[in-house]
Amino acid sequence: MAKILISMIFLFLFNSCAEDDTSVSDEMEVNVIRTYHDYYISSASGVKNRNHSLYVIGDDIPWLLEIDYDYNLKNKFDLADTGNLVNGRTPKALKADFESLGFLNDSNLLVLSSGSVNHTRDTAYIFNIYSHTLINKKNIRPLFESIKEYVNMSTENEINLEGLAISDNNVYLFHRGNVSENFIIQVNKLDFDSYMYSSGTIPSFEAFWFDLPTSDGVISGFSGACMHPNDSAIIFCASLEKSDNEVNDGEIVGSYVGYIPLTTLSEGKYTATLLRENDEVSQYKIEGLCFKDSTEGINNLNYVPLLGVVDNDDGTSYFLELQMTLK
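Presented here is a report on the structure given in the accompanying data block.

Reading guide: rules and limits
- Residues numbered from 1 in each chain as written.
- Predicted model: local features only at pLDDT ≥ 70, side-chain atom pairs only at ≥ 80, totals over all residues.
- Heavy atoms only, no water.
- Pairing = 2+ DSSP bridges.
- Helix = DSSP H or I, 4+ residues; strand = E, 2+ residues; numbered from the N terminus.
- Axes fitted to C-alpha atoms, helices over the stretch in contact; angles between N-to-C directions.
- Phe/Tyr/Trp six-rings, centres within 6.5 Å; stacked < 30°, edge-to-face > 60°.
- Buried < 20%, exposed > 50% of the residue type's maximum accessible area, 1.4 Å probe, protein only.
- Lys NZ or Arg CZ within 6 Å of the ring centre and 35° of its normal.
- Polar contact = N/O pair within 3.5 Å; in protein donor to acceptor, adjacent residues only side chain to side chain.
- Contact = heavy atoms within 4.5 Å.
- Core = buried A, V, L, I, M, F, W, Y, C linked by side-chain atoms within 4.5 Å.
- Salt bridge = Lys/Arg side-chain N within 4 Å of Asp/Glu carboxyl O.

1. So, the sheet that holds strand E10 (residues 161–166)
Then, number 1: Pairing within the open sheet is antiparallel, and its 4 strands lie in the order E10-E11-E12-E13. Since the sheet does not close on itself, it has two edges, and those belong to E10 and strand E13 (205–210), each with one partner. Strand-to-strand twist of the sheet, defined as the mean angle between neighbouring strand axes without regard to direction, takes the value 20°.
Then, number 2: In this sheet, E13 lies alongside strand E12 (residues 182–188) in antiparallel orientation, the contact comprising 6 bridges.

Okay, here's the thing in structure tokens:
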């Protein structure tokens, strides 16, 4: 009943966002400042910025990559199995499907598999960026199953977590709903940390459903997220892909970039715009976002420099330097 009520409120107040709409929102603007085509990083799916380095994952590579701001490789750290690579990529049936990452604290970076396939895609990795060591590796299938039960997910569908945002108080997990529904799981940060590091007790959580916009008849699905540096809002990307399941790739239609104030999270309220270049809808499948520059000193809610990573589904990736302006 609560889920239905939230959806009705959202549809009533924000119907213009949920309809098939390729127009640019009049509440925000996102411009592509620069693009970089990386031919060596496959299927980039997440990026985070810390101490003048970018940390990047890809959904069919077993490594955590550290690169500099000019996109040169600095370090490559093994996380998942590296013994099944074919042309530098892990086959679909075997890949760990890294889809999201975020800092639990200043030094420990969490990398999550999507959960979309049992056994191969249900692991969490905690990596210390200073000691270059894997702190913990944990199967979190019980958490995935608990989320599925909580949201009453159909047995025909699978969990597909593709975004992660971590604030001082909470952790937000983003389920991609191009097949089922888009929702965000909110977990208390202390409880989440306890579970990830050692505890067998699944933390309690809440779920918030979102009716994301469509374009060209395709429903957008959460594909990445980050917190605004003052923790007041979530910035997300939602890509458009013509696929009828959680595993196979499809034709790329484009991506939305959006903004969710935490004060309206429970209402499903957001602002989003379809990414364009030169007045044309871009065909980028944005899979992850972070702040392009250091978050230190950034206090302007309305002017946010971002870096997005794009999975090209061909063994290459794009980096997009973006500028978000909220009006």
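2. Section: the packing of aromatic side chains
Then, number 1: For the structure shown, the criterion picks out 14 aromatic pairs.
Then, number 2: Taking 5.2 Å as the distance between ring centres and 80° as the angle between the ring planes, the aromatic pair formed by Phe174 and Phe222 counts as edge-to-face. With a gap of 48 residues between them, Phe174 in strand E11 (residues 170–175) and Phe222 in strand E16 (residues 221–227) connect regions that are remote in the sequence. One exposure class covers both Phe174 and Phe222, and it is buried.
Then, number 3: Members of the aromatic cluster, each reached through a chain of ring pairs, are Phe174, Phe210, Phe222, Phe236 and Tyr270.
Then, number 4: Over the ring of Phe103 we find Arg50, and its NZ or CZ is 3.9 Å from the ring centre.
Then, number 5: Its end group placed over the ring of Trp63, Lys76 keeps NZ or CZ at 4.2 Å from the ring centre.

3. What about the side chain of Ser220?
Then, number 1: For Ser220, the position within the fold is in the loop between strand E15 (218–219) and E16.
Then, number 2: A distance of 2.6 Å separates a polar atom in the side chain of Ser220 from the backbone oxygen of Pro213.
Then, number 3: Ignoring sequence-local partners within four residues, the contact set of Ser220 consists of Asn182, Leu212, Pro213, Ala238, Ser239, Leu240 and Tyr256.

4. What to know about the nonpolar core
Then, number 1: One finds Leu110, Ile147, Leu173 and Met196 to be the most contacted residues of the largest nonpolar core, which totals 26 residues.
Then, number 2: Elements with a contribution of two residues or more to this core: strand E7 (108–113), strand E8 (123–128), helix H2 (141–150), E10, E11, E12, helix H3 (189–197) and E13.
Then, number 3: The contacts of Leu173, once residues within four sequence positions are left out, are Leu112, Ile147, Leu161, Gly163, Leu164, Phe183, Ile184, Ile185 and Phe192.
Then, number 4: Counting residues in each nonpolar core, the second largest holds 22 residues, with Ala165, Phe210, Ile260 and Ala272 among its members.

5. Topic: the sheet that holds E8
Strand pairing within a sheet occurs via backbone hydrogen bonds; the two strands may be parallel or antiparallel.
Then, number 1: Taken together, 4 strands build an open sheet; the order of strands is E6-E7-E8-E9 and the sheet is antiparallel. With partners counted over all chains shown, the strands left at the sheet margins are strand E6 (98–103) and strand E9 (133–139), one partner each. Sheet twist, expressed as the average angle between the axes of neighbouring strands with direction ignored, equals 20°.
Then, number 2: Bridge count between E6 and E7: 5 bridges; the pairing is antiparallel. Bridging from a neighbouring strand, Phe103 pairs with Leu109 of E7.
Then, number 3: The strands touched by H3 are E7, E8 and E9; relative to E9, the strand with the most contacts, the crossing angle is about 95°.

6. Thoughts on the pairing of E8
As a general feature of sheets, a regular strand has side chains that alternate between the two faces.
Then, number 1: The buried count for E8 comes to 6 of 6 residues, which makes it a mostly enclosed element.
Then, number 2: Bridge count for E7 against E8 is 5 bridges, and the pairing is antiparallel. Bridged to Leu112 within E8 is Ala124.
Then, number 3: As defined by bridge partners, E8 adjoins E9 across 6 bridges and the pair is classed as antiparallel.

7. Some thoughts on the pattern of salt bridges
Where side chains of opposite charge bring their charged atoms close, a pairing between them can arise.
Then, number 1: One pass over the structure, following the stated rule, counts 18 salt bridges.
Then, number 2: A salt bridge links Asp122 to Arg141; its shortest N-O distance comes to 3.6 Å. Taken together, the residues Asp122 in the loop between E7 and E8 and Arg141 in helix H2 connect sequence positions 19 residues apart.
Then, number 3: Residue classification places Asp122 among the buried residues on the basis of a relative accessible area of 2%.
Then, number 4: Between Lys285 and Asp311 there is a salt bridge, and its shortest N-O distance comes to 3.9 Å. Of this pair, Lys285 sits in the loop between strand E21 (280–281) and strand E22 (286–291) while Asp311 is found in strand E23 (residues 303–311), placing the two residues 26 residues apart along the sequence.
Then, number 5: Asp311 gets classed as buried once you look at its relative accessible area, which sits at 1%.

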